[in-house]
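Chain by chain, the residues run as shown.
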Protein chains: 2
Amino acid sequence: MRDVSIIGIGQTPVGEHWAKSIRHLAYDALSSALRDAKVDYADALYVGNMLSGEISGQSHLGALVADFAGLRGIEAVKVEAACASGAAAFRQAYIGVASGLQDIVIAVGVEKMTDDVGSKLTAGLAGAADADYEVVHGVSFVALNALLMQRYMYEYKVKREDFAPFAINAHQNGAHNPNAMFQKAITYQEFMKAGVIADPVSLLDASPMADGAAAVILCPTERVREFTDKAIHVKASAVATDSVSIHDRHDPMWLQAADISAHKAYRQANIGLRDVDFFELHDAFTIMAALSLEACGFAERGKGTWLARDGEITPTGKIPITTRGGLKARGHPVGATGLYQIVEAVQQLRGEAEANQIPNARIGMTQNIGGSGATIITHIFSNQL
Amino acid sequence: MRDVSIIGIGQTPVGEHWAKSIRHLAYDALSSALRDAKVDYADALYVGNMLSGEISGQSHLGALVADFAGLRGIEAVKVEAACASGAAAFRQAYIGVASGLQDIVIAVGVEKMTDDVGSKLTAGLAGAADADYEVVHGVSFVALNALLMQRYMYEYKVKREDFAPFAINAHQNGAHNPNAMFQKAITYQEFMKAGVIADPVSLLDASPMADGAAAVILCPTERVREFTDKAIHVKASAVATDSVSIHDRHDPMWLQAADISAHKAYRQANIGLRDVDFFELHDAFTIMAALSLEACGFAERGKGTWLARDGEITPTGKIPITTRGGLKARGHPVGATGLYQIVEAVQQLRGEAEANQIPNARIGMTQNIGGSGATIITHIFSNQL
């Protein structure tokens, strides 16, 4: 098994790209990553995407994107794990390089959601949950997260306002990210006045639907010097799953798959919690940010919001999260999100995060969550070998 | 990189499974493969599927199937490459084992199509083609194959009836396969009288939409003796892509991706054409059988139907194809088909193909095609190390 590194990154701004098709968005991110890596070929392409069939009537994205990118002929495939599709594509690219079968590999995540923000999209996103045992009751994906948040507030005696710091931090960081969908800070008052979508989830607890694509180029660590002097190394890659239905979990208040994949990742990277300089977590909803911090060990059970209240999740805190805006402010083009997180981690570790730069960042962690916690993929990166 | 072998196989009958959900079908095949391999765990699960989002409103099949199979927690993901999704899932499972990261790996292909054989399914299948440049003109996936067949007949001066031997051979073989959807031989007269769907493609040129699932268990070759004395070894695994749009190919009459992936596979396996004892090809339409035989080198350009006319594709011919009925008679649950082909190849190489057994079969080849030729995945298997 070979060590694997990242030699190039690319992304499109997140937003409403009505003038670009899904292949075009993927191409923009991918070609920018190839330029960044200074390579013009690849052995394989992994496309992370969830909804292209449902929204764009287009399956078969592997071949479609490869051809449009001028790479006709290469091995290409789509990988899907609901909202964790981006990190899942990265994971397969990582395995491809680690295996020795593929040398230069592209992982691109792409989603085009805003062509239909009505019933098709709501139904498509509900496919991340259990169609037979959850969605059949008429519950949307937002409503499932609202149920989790309700239960959390009841169980741990916290209030709606206790989740505000997650949204405020994300928007504060997003304000300095030129690729973020919302480049605007928000206040506590604005958070409290935000319209409720599914009680208690408000617009400012929820990440926005969006279009976007992000890409990275991977190669064996032993070859990075041919391409760049700023390679970022993959120190850990771990996936775990759980029941798709929330009601079927041993403990709905515990992201078992985050616990398993994060702790597996710490062991692989041979690091402890304190070594993590920043954490790009999956704040699709503020409740998921709290649950992720707890399952990964950064906060005690039920105390994720305390960490946020104490300012420890900001760029100067103990564990900075969503440093470039997170899903909340950067936006959440579902199948692309996992790769945006990785691109942003690489920016931090290269020292290219501009106003969002975490000083002396050496080790960064990303975590992409599919559904309400059924697929959780954790990666750890470092700028040191 | 480690050598990889297959230690277990499982499948459901192909047909209309209205009483079973998609997770149940996948479970039936997967659990039967685990029993066959005599293992009750796995490190990872790869699910090949094309249409679960569109037809069943269910994405996220990796976690869903893992949990339903009693494997909650393991790494699991869905892989999609249109009609080649089954072999694409196998390919990722193969890479996982080859890499050394995963030891016991399940690849399962599953599709549930017959819940909606109307507009949803027609639109979903069209997603294998190019939504923006082909489907936008109102052409269905069958119509695209009809255009290919029209052009082939014009170009090479062959007639509709010249394709009959492909369907007759498939149905003759399917008659002895207890898992085939159509266990009934057909005559030349029946072929000629079959209703035309999209001129010149008739019902007996086209494979049927169906529900089904097939699965295999892979492990490193060095470990097979722990599990079985009838392991089948993966001698080659190769993927190539092409333009998704037919009009954009250099030569619409040549499956470039079949040519590339097959010849790469021959080199990997270090064999010549004559060493292949049987070939499970992708006869979604009879025209695809002819084009596949030509691109892989078994027939000269334009002479695929001649090989069929001369009886060389039957079990006693030079290159037996679709030995258990192929897509035409076994049925074509799209995302499962690639794994049915591999399961059938394993049956042949184990000597378990019953009335369809190819005597002394040592080397078998499978080829799964996505779209009208945009993703082509070729595997070669042997019962000898």
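Residues numbered from 1 in each chain as written. Chains lettered and ligands numbered in written order. Predicted model: local features only at pLDDT ≥ 70, side-chain atom pairs only at ≥ 80, totals over all residues. Heavy atoms only, no water.

Q: I'd like a rundown of the packing of aromatic side chains, residues and numbers included.
A: The geometry of an aromatic ring pair is captured by two quantities: the separation of the ring centres and the angle between the planes. All names here are of chain B. The full count for this structure, using the stated rule, is 12 aromatic pairs over all chains. Seen in terms of ring centroids, F90 and F381 are 5.8 Å apart; in terms of plane orientation they differ by 70 degrees. Their pairing is edge-to-face. With F90 in helix α4 (residues 85-99) and F381 in strand β11 (residues 375-382), this pair connects stretches of sequence that are 291 residues apart. Both residues of the pair, F90 and F381, belong to the buried class. (Phe/Tyr/Trp six-rings, centres within 6.5 Å; stacked < 30°, edge-to-face > 60°. Helix = DSSP H or I, 4+ residues; strand = E, 2+ residues; numbered from the N terminus. Buried < 20%, exposed > 50% of the residue type's maximum accessible area, 1.4 Å probe, protein only.)

Q: Hey, could you go over helix α9 (residues 256-269) of chain A for me, with residue numbers and the actual values?
A: Residues and elements named next belong to chain A. Here α9 is 14 residues long and its end C-alpha atoms lie 20 Å apart, about the 20 Å a rise of 1.5 Å per residue gives. Every buried residue of α9 is listed here: A257, A258, S261, A262, A265, Y266 and A269. The buried residues of α9 all sit within an arc of 155 degrees when viewed along its axis, so they share a single face. Taken together, the buried residues of α9 touch β8 (232-241), α10 (286-295), β10 (363-370) and β11 (375-382). Among the residues trailing α9, N270 stands out with phi positive, at a value near 55 degrees. (Expected span 1.5 Å × (residues − 1). Arc of directions from axis to C-beta. Contact = heavy atoms within 4.5 Å.)

Q: A description of the interface of chain A and chain B should follow, citing residues and the corresponding values.
A: Taken residue by residue, the interface counts 58 residues in chain A and 58 residues in chain B. Summing both partners gives a buried area of about 4400 Å² for chain A against chain B, and 49% of it is carried by carbon and sulfur. Area buried by chain A at its contact with chain B is led by H60, R72 and E80 of chain A, which between them contribute 16% of it. In this assembly, chain A and chain B are joined by 10 salt bridges. (Buried area = accessible area lost by both parts, 1.4 Å probe. Salt bridge = Lys/Arg side-chain N within 4 Å of Asp/Glu carboxyl O.)

Q: Go over the side chain of Q347 of chain A, please, and point to the residues and values.
A: Residue and element names in this part refer to chain A. Within the element layout of this structure, Q347 appears in helix α13 (residues 334-350). Of note is the side chain of Q347, whose polar atom sits 2.8 Å from the side chain of R324. Look past the residues within four positions of Q347 in its chain and what remains in contact with it is I9, Q11, R324, E352, A353 and Q357. (Polar contact = N/O pair within 3.5 Å; in protein donor to acceptor, adjacent residues only side chain to side chain.)

Q: So, empty space enclosed by the protein: which residues are in play, and what are the values?
A: Applying the stated criterion across every chain, the model contains 4 cavities of 30 Å³ or more. Estimated volume of the largest cavity: approximately 90 Å³. The wall of the largest cavity is formed by 15 residues, among which M50 and K78 of chain A together with M50, E54 and K78 of chain B lie closest to the centre. The set of elements that each furnish at least two residues to the lining of the largest cavity consists of α2 (52-56) and β3 (75-80) of chain A together with α2 (52-56) and β3 (75-80) of chain B. (1 Å grid on protein atoms, 1.4 Å probe; cavity = no way out; pocket = protein on both sides within 12 Å on 5 of 7 lines; lining within 4 Å. Points joined across faces, edges and corners; volume = space filled by probe spheres on them.)

Q: Outline the relation of the copies chain A and chain B, listing residues and values.
A: With an RMSD of 0.0 Å, the fit of chain A onto chain B corresponds to turning through 180 degrees and sliding 0.0 Å along the axis. This pairing of chains is accounted for by a two-fold axis. Proximity to the rotation axis, assessed at the C-alpha, singles out S99 of chain A in chain A; its C-alpha lies 1.8 Å from the axis. By residue overlap, the copies meet face to face through one surface: 100% of the interface positions of chain A are interface positions in chain B. (Least-squares fit on C-alpha atoms with pLDDT ≥ 70 in both.)

Q: With reference to specific residues and values, describe the packing of helix α1 (residues 22-37) of chain B against helix α3 (residues 61-68) of chain B.
A: Residue and element names in this part refer to chain B. One way to put it is that α1 packs onto α3 with a least axis distance of 9 Å and a crossing angle of 60 degrees. Between α1 and α3, the angle falls in the class oblique. With respect to the hand of their crossing, α1 and α3 are arranged in right-handed fashion. Contacts between α1 and α3 involve I22, R23, H24, A26, Y27 and L30 from the former and L61, L64, V65 and F68 from the latter. Residues of the contact of α1 with α3, tallied by class, amount to 8 nonpolar, 1 polar and 1 charged. (Axes fitted to C-alpha atoms, helices over the stretch in contact; angles between N-to-C directions. Parallel < 35°, antiparallel > 145°, perpendicular 65-115°, else oblique. Left-handed = near helix turned anticlockwise from the far one by under 90°. Nonpolar A, V, L, I, M, F, W, Y, C, P; charged D, E, K, R; others polar.)

Q: Now, about the layout of surface pockets: what can you tell me, with residues and values included?
A: Residue and element names in this part refer to chain A. Approximately 530 Å³ is the volume found for the largest pocket. What lines the largest pocket is a set of 25 residues, among which I197, A206, S207, P208 and M209 lie closest to the centre. Among the secondary structure elements, those contributing two or more residues to the lining of the largest pocket are α5 (119-126) and α6 (141-156).

Q: Can you tell me about the confidence of the model for chain A, naming the residues and giving the values?
A: Here chain A averages 97 in pLDDT, and 100% of its residues register 70 or above. Across the assembled chains, the prediction reports ipTM 0.98 with pTM 0.98. (pLDDT = per-residue confidence, 0-100.)

Q: Please set out the state of the cysteines residue by residue, giving values where relevant.
A: The full count for this structure, using the stated rule, is 0 disulfides over all chains. Unpaired in terms of disulfides, C83 of chain B finds its nearest cysteine sulfur in C296 of chain B, a separation of 17 Å. (Disulfide = S-S within 2.5 Å.)

Q: Kindly report on helix α1 (residues 22-37) of chain A, identifying the contributing residues and their values.
A: An ideal rise of 1.5 Å per residue puts 22 Å on 16 residues; α1 of chain A measures up with 23 Å between its terminal C-alpha atoms. Those residues of α1 of chain A that sit buried are I22, R23, L25, A26, A29, L30, S31, A33, L34, D36 and A37 of chain A.

Q: Quick rundown of the side chain of S202 of chain A? Include the residues and the values.
A: Residues and elements named next belong to chain A. Mapped onto the elements of the fold, S202 is located in strand β6 (residues 201-202). Among the polar contacts made by the side chain of S202, one reaches the side chain of R160 at a distance of 3.4 Å. Leaving out residues up to four positions away in the same chain, S202 has contacts with R160, F191, A194, G195, V196 and I197.

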